[in-house]
Amino acid sequence: LKVDVEHFRQFDNFHLLYVDATPDVRYQRYITRNENPGDGEMTREEFDFRDNQEPEREIESLRDVADFVLHNNTNSPEDLDRQVDEFMRRVTKTV
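Since the model is a prediction, treat every value here as computed from it, not as a measurement. (Residues numbered from 1 in each chain as written. Predicted model: local features only at pLDDT ≥ 70, side-chain atom pairs only at ≥ 80, totals over all residues. Heavy atoms only, no water.)

**Student:** I keep staring at the pairing of strand β2 (residues 68-71) and nothing clicks. Help me out?
**Tutor:** Two faces belong to every sheet, and in a regular strand the side chains alternate between them. Alternating positions in β2 separate cleanly, Phe68 and Leu70 being buried on one face and Val69 and His71 remaining unburied on the opposite face. Sheet analysis places strand β1 (residues 17-20) next to β2, joined by four bridges and oriented parallel. For Val19, the partnering residue across the bridge sits in β2 and is Leu70. (Buried < 20%, exposed > 50% of the residue type's maximum accessible area, 1.4 Å probe, protein only. Helix = DSSP H or I, 4+ residues; strand = E, 2+ residues; numbered from the N terminus. Pairing = 2+ DSSP bridges.)

Structure representation (structure tokens):
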């Protein structure tokens, strides 16, 4: 994935936004969404095991090369909007 990011960095208007949330928040959201059969019954241990597999670790490694990290740990749409607005202000300043 980092190789892909480096490829896209050659474009002037490329900006990588990484959306982050703590494992606790991600787990609660995952079981609450219950998108697939059995998701709502997944134990924390099962979630942590899945969360530590290679694809997830690769995605997490993108945080280090992101232009902006959005912290999505609250259920506040206003907080999320504020962070997105800040990201957009920074991006539009560089264009």
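Still more ground to cover, so stick around.
**Student:** Before we go on, may I ask you to explain unusual backbone geometry in this structure?
**Tutor:** Non-glycine residue Asn34 carries a positive phi angle of around 50°. For Asn34, the position within the fold is in the loop between α2 (23-33) and α3 (44-51).

**Student:** Just checking my understanding: could you explain the environment of Ala66 for this structure?
**Tutor:** Assignment of secondary structure puts Ala66 in the loop between α4 (54-61) and β2. For the pair Ala66 and Val19, spaced 47 residues apart in sequence, the C-alpha to C-alpha distance is 9.6 Å. If near-sequence neighbours (up to four positions away) are discounted, Ala66 is found in contact with Leu16 and Tyr18. (Contact = heavy atoms within 4.5 Å.)

**Student:** Even after reading the chapter, I still don't get the environment of Tyr30, so can you show me in this structure?
**Tutor:** Its location among the elements puts Tyr30 in helix α2. A C-alpha to C-alpha distance of 7.4 Å links Tyr30 and Gly40, two positions ten residues apart in sequence. Sequence-distant contacts of Tyr30, defined by excluding residues within four places in its chain, comprise Asp39, Met42, Phe47 and Arg50.

**Student:** Looking at this structure, I do not really get the packing of α2 against α3. What am I missing?
**Tutor:** The packing of two helices is summarised by the inter-axis angle and the distance between the axes. Where α2 meets α3, the closest approach of the two axes is 11 Å, and the angle between their N-to-C directions is 115°. On the basis of the axis angle, α2 is roughly perpendicular to α3. Like other packed secondary-structure pairs, α2 and α3 cross with a definite hand, here right-handed. Counted together, Pro23, Asp24, Arg26, Tyr27 and Tyr30 of α2 and Arg44, Phe47, Arg50 and Asp51 of α3 form the full contact between these two elements. (Axes fitted to C-alpha atoms, helices over the stretch in contact; angles between N-to-C directions. Parallel < 35°, antiparallel > 145°, perpendicular 65-115°, else oblique. Left-handed = near helix turned anticlockwise from the far one by under 90°.)

**Student:** Hey, could you run me through the packing of aromatic side chains in this one?
**Tutor:** Remark: the centre distance and the inter-plane angle together describe each pair of aromatic rings, the angle taken between the planes. Applying the stated rule across the entire model yields five aromatic pairs. On the basis of an interplanar angle of 45° and a centroid distance of 6.3 Å, the ring pair of Phe8 and Phe11 is categorised as tilted. Look at Phe8 and Phe14: their rings are 5.7 Å apart centre to centre, the planes differ by 20°, and that puts the pair in the stacked class. In this structure, Arg50 is placed above the aromatic ring of Tyr30, and the distance from its NZ or CZ to the ring centre is 4.8 Å. (Phe/Tyr/Trp six-rings, centres within 6.5 Å; stacked < 30°, edge-to-face > 60°. Lys NZ or Arg CZ within 6 Å of the ring centre and 35° of its normal.)

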